[in-house]
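Structural characterization, general
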Amino acid sequence: MITTPFEYARAASVDDAIEKLAASDGAAKLIAGGHSLVPLMKLRLSEPSMLIDIGRIPGLAGIRRVGERIEIGAGTTHHDVATSELLREACPMLAEAAAEIGDQQVRNRGTLGGSLAHADPAADYPAVILALDAEIHVKGPSGERVAKAETFFQGLFTVDLGAEEIITSVQFTPVRSAAYAKLHQRASHFAIVGVAAALEIDGGKISSARVGLTGATASAVRLTGVEEKLSGAKAASESVDAAVADAGTGLEDVNGDIHASEDYRRAMIAVFARRALVAALERSS
Ligand SMILES: Cc1cc2nc3c(=O)[nH]c(=O)nc-3n(C[C@H](O)[C@H](O)[C@H](O)COP(=O)(O)OP(=O)(O)OC[C@H]3O[C@@H](n4cnc5c(N)ncnc54)[C@H](O)[C@@H]3O)c2cc1C
């Protein structure tokens, strides 16, 4: 199908994009890589009367250190995240997760900000962003604010983002002992189940565990039951086995669809949580 007619405008800056959004009174949409929005427009599930292109705003893309933290501009493509030497060294989980998104064409166009704003229930970044306890930096007509990953993903395609707001960057403290494991849908590579695990190990014990899950529920969530069982446990695979045993059974409202039944997804949550956690443990030694 073809889209409904729309106007096109290129934003020169973040402020220009916000002004254009505000002036459209809800009729415009931002477009970054277009790899989620354009398919929706072709299906006429989204019918914006104007597209505001944020793909060429200077400074909106890029990966940099900010003190002890790393900042990734919202316009950074999945390819640039996947191939970043800084991320491969300081926070390999994020680069590896980006490398598993879609195919090369999707990774060349799709952006971190677009993926987070769209919040597909099967997208990869949300699990990783939750495990990193990242901050999502947002700007709107009333200025800048910071959203915590934990409260950002609110439901099916629903995030803590106003209609006139734009995600400008994501910031987090890099974690080396972290890993992402995903069971992907063969055609699209979207996650049937994806688990990101970030561990802090102290004196042979797990002092903190953050585990993000995508693909299985309406929006990405933290596996808090698993995290609690791991906290203070010996940093060993036996602890992981015990912690993930009922990871899938305790969750409410697990998806079932043509790609995987609810029961299968529940079973795979434990399997992929184990893989991510064991890989994270291996990175800690
Ligand atoms: C064939 C195919 C396979 C895919 N496989 C995967 C996969 O395996 N894993 C995965 O995670 N994803 C996958 N995707 C989705 C892909 O990663 C998208 O690129 C991404 O979800 C959206 O990023 P975008 O830059 O293309 O956003 P766009 O499509 O341009 O925009 C998406 C939405 O976000 C809004 N938006 C964009 N940027 C911002 C911003 N900075 N601030 C506020 N709102 C913004 C737009 O207004 C729109 O509502 C796939 C897509 C395709 C087409």
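See the structure printed just above.
The structure displayed is predicted, hence computed values, not measured ones.

To continue, consider the overall build of the protein chain. A count of helical and extended segments in the protein chain gives 12 helices and 14 strands. Taking the principal axes of the C-alpha coordinates as reference, the protein chain spans close to 60 × 45 × 35 Å. For the protein chain, the residues scored as buried account for 52% of the 285 residues in total. A separation of at least 24 residues holds for 61% of the contacts in the protein chain among residues at least 6 apart in sequence.

Our focus in this paragraph is the site of the ligand. Lining the immediate surroundings of the ligand are 31 residues, of which L30, G34, L37, T111 and D124 lie closest. Within the backbone of A32, an N or O atom sits 2.7 Å from an oxygen atom of the ligand. Here S188 contributes a backbone N or O atom positioned 3.0 Å from a nitrogen atom of the ligand. Coverage of the ligand by the protein amounts to 90% of the 980 Å² it exposes when considered alone. Counting only elements with at least two residues in the shell around the ligand, the list comes to β2 (28–31), α7 (112–118) and β10 (166–172). Counting residues per element, the shell around the ligand draws most heavily on α7, which supplies five residues. Classifying every residue of the shell around the ligand gives 14 nonpolar, 14 polar and three charged.

Another aspect to go through is helix α5 (residues 92–99). Across the eight residues that make up α5, a large majority, six, are buried. For α5, the set of buried residues is P92, M93, L94, A95, A97 and A98.

Within this structure, the stated rule accounts for 16 salt bridges. Note that R64 is salt-bridged to E71, the shortest N-O span being 2.8 Å. Taking the relative accessible area as the measure of exposure, R64 reaches 31% and is therefore partly exposed. A salt bridge links D124 to K182; the shortest N-O distance between them is 2.9 Å. Residue D124 is found in the loop between α7 and α8 (125–131), and its partner K182 is found in strand β11 (residues 178–184); the two are separated by 58 residues along the sequence. Taken individually, D124 and K182 each receive the classification buried, so the pair is uniform in this respect. Connected via shared salt-bridge partners are R145, D160 and E165.

Locating R265 in the fold gives a position in helix α12 (residues 262–284). Polar contacts involving the side chain of R265 include one to the side chain of D257, which spans 3.0 Å. Ignoring sequence-local partners within four residues, the contact set of R265 consists of I192, V193, G215, A216, V254, N255, G256, D257 and A260.

Regular strands have side chains that alternate between both faces of the sheet. Among the 10 residues of strand β13 (residues 205–214), eight are classified as buried, and the element is accordingly described as predominantly covered. Bridge count for strand β12 (residues 191–202) against β13 is nine bridges, and the pairing is antiparallel. Along β13, the bridge assignment pairs I201 with I206. Hairpin connection of β12 to β13: two residues between the antiparallel strands, including G203 at a positive phi of 60°. Here β13 pairs with strand β14 (residues 221–222) via two bridges, running antiparallel. In the strand pairing of β14, G212 is matched with R222. Between the end of β13 and the start of β14, which pair antiparallel, lie six residues, with G215 showing a positive phi angle near 90°.

Turning next to the sheet that holds strand β5 (residues 69–73). Taken together, five strands build an open sheet; the order of strands is β4-β5-β10-β6-β7 and the sheet is antiparallel. What marks the edges here is a single partner per strand, and that holds for β4 (63–66) and β7 (143–148). Strand-to-strand twist in this sheet, taken as the mean axis angle between neighbours without regard to direction, amounts to 25°. Sheet topology note: the β4/β5 ladder contains four bridges and is antiparallel.

Criteria and thresholds
- Residues numbered from 1 in each chain as written.
- Predicted model: local features only at pLDDT ≥ 70, side-chain atom pairs only at ≥ 80, totals over all residues.
- Heavy atoms only, no water.
- Helix = DSSP H or I, 4+ residues; strand = E, 2+ residues; numbered from the N terminus.
- Buried < 20%, exposed > 50% of the residue type's maximum accessible area, 1.4 Å probe, protein only.
- Contact = heavy atoms within 4.5 Å.
- Near = heavy atom within 4 Å.
- Polar contact = N/O pair within 3.5 Å; in protein donor to acceptor, adjacent residues only side chain to side chain.
- Areas by Shrake-Rupley, 256 points an atom, 1.4 Å probe, with all protein chains shown as cover.
- Nonpolar A, V, L, I, M, F, W, Y, C, P; charged D, E, K, R; others polar.
- Salt bridge = Lys/Arg side-chain N within 4 Å of Asp/Glu carboxyl O.
- Pairing = 2+ DSSP bridges.
- Axes fitted to C-alpha atoms, helices over the stretch in contact; angles between N-to-C directions.

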